[in-house]
Amino acid sequence: MTQPTDIRRDGHRPLPLDGIPSASLECLPLLASALTAAERGWPVIPLHPGSKRPAGHAERACPGTGRCADGHRTPEERATTDPDLIHAAWAHRPYNVGIATGPAGLLVIDLDPVKAEEPEGAPDGATSLQALCERAGQALPETYRVRTARGEHLYFTAPTGVRLKCSVDRLGPHIDTRAWGGYVVAPGSTTPDGAYEVAHEAPVAELPAWLATLLVEPDRPAPVPVRVHDGTRAARVALERECAVIAAATEGGPHGRNNTLHKSTCKVGRFVAWGDIPRHVVEQAIQGAGEATGLPPSECRTTIRSALDWVIAHATPRQAA
């Protein structure tokens, strides 16, 4: 008997089930999840199967061809609601589904559990959020919720007139938010930690104004120019210039803070590899510039260390004049 082909009722092209390899059949629930998100107007990206990492190449490995011919496109920029592109991406590989929160007009509150190394009695994300509401004398509206592999996602529509960015622990311990510059794993996806499932199927509520106020970033003061006294003149000039570039970076896109931090560190890293300037001088100066943009110190350290390690390991000898 012929298997049914109509897996959807919205008029989009169905997938025939007869003769589909088992690997493709494994993709169907994830394809349905991606299409469901797209129907809500939420652009999606493929994540590596069983993972939370976006599929595709990193900026430092960008070939500069195809969709990146005019410059590297971040996962946020590649996110789509086009059903044809979604069918093509999920037809043959069981990618997990990511929702690009900024383009989707969403602010998602991510509640995480306590880490194993934390002291007994430390609050998890749900406890921290409850305490925040009690201090503010406010209650959260009923909204769409997703049970994550380790916690819960609370979906809200982002306020108009302000471009909220992702945050880490700004609202409290183990409370992160995903907005512009980030994404969340959609229900239907699975990681080694567990599955993502709809916990409460309700309309997405507007983000309460009192929470939006807490998430608006204050204006940053003008960065103080970096002055370096160690190293050759060329190395010092390069480091001071790249610190200024980093400090001027903003969130999101190919010229976002973390991408700029990595790219500028790589540019200065060759001088470290050539012995023109001590590594600790570079790390200290660039760390300060990165933190001035609002990036978390740990994220700055990780990016700087990764970039310098890679450049030092792969640097070509200095060309003779």
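Keep in mind that what you see is a predicted model, and the values were worked out from it rather than measured.

Q: Could you clarify how one ought to interpret the packing of aromatic side chains in this entry?
A: To describe a pair of aromatic rings, you give the distance between the ring centres and the angle between the ring planes. Tallied over the full model, the rule gives 5 aromatic pairs. With a centroid separation of 5.7 Å and 80° between ring planes, the pair formed by F271 and W274 is classed as edge-to-face. Note on F271: relative accessible area 8%, which makes it buried. Judged by relative accessible area, W274 falls into the partly exposed class, the value being 27%. Feature note: the residues W42, Y144 and Y155 constitute an aromatic cluster, connected by ring pairs. R40 extends its terminal NZ or CZ atom over the ring of Y144, reaching a point 4.7 Å from the ring centre. Between R163 and the ring centre of W180, over which it is positioned, the NZ or CZ distance is 3.7 Å.

Q: How should the packing of helix α8 (residues 257-273) against helix α9 (residues 279-292) be read in this particular structure?
A: A pair of packed helices can be characterised by two numbers: the angle between their axes and the separation between those axes. Closest axis-to-axis distance for the α8/α9 pair is 10 Å, and the angle between their directions is 165°. Viewed along their axes, α8 and α9 adopt a mutual orientation that is roughly antiparallel. Between α8 and α9 the crossing geometry is right-handed. Two secondary-structure elements touch here, α8 through L261, T265, V268 and V272 and α9 through R279, V282, I286 and G290. In the contact of α8 with α9, the residues fall into 5 nonpolar, 2 polar and 1 charged.

Basis of the calculations
Residues numbered from 1 in each chain as written. Predicted model: local features only at pLDDT ≥ 70, side-chain atom pairs only at ≥ 80, totals over all residues. Heavy atoms only, no water. Phe/Tyr/Trp six-rings, centres within 6.5 Å; stacked < 30°, edge-to-face > 60°. Buried < 20%, exposed > 50% of the residue type's maximum accessible area, 1.4 Å probe, protein only. Lys NZ or Arg CZ within 6 Å of the ring centre and 35° of its normal. Axes fitted to C-alpha atoms, helices over the stretch in contact; angles between N-to-C directions. Helix = DSSP H or I, 4+ residues; strand = E, 2+ residues; numbered from the N terminus. Parallel < 35°, antiparallel > 145°, perpendicular 65-115°, else oblique. Left-handed = near helix turned anticlockwise from the far one by under 90°. Contact = heavy atoms within 4.5 Å. Nonpolar A, V, L, I, M, F, W, Y, C, P; charged D, E, K, R; others polar.

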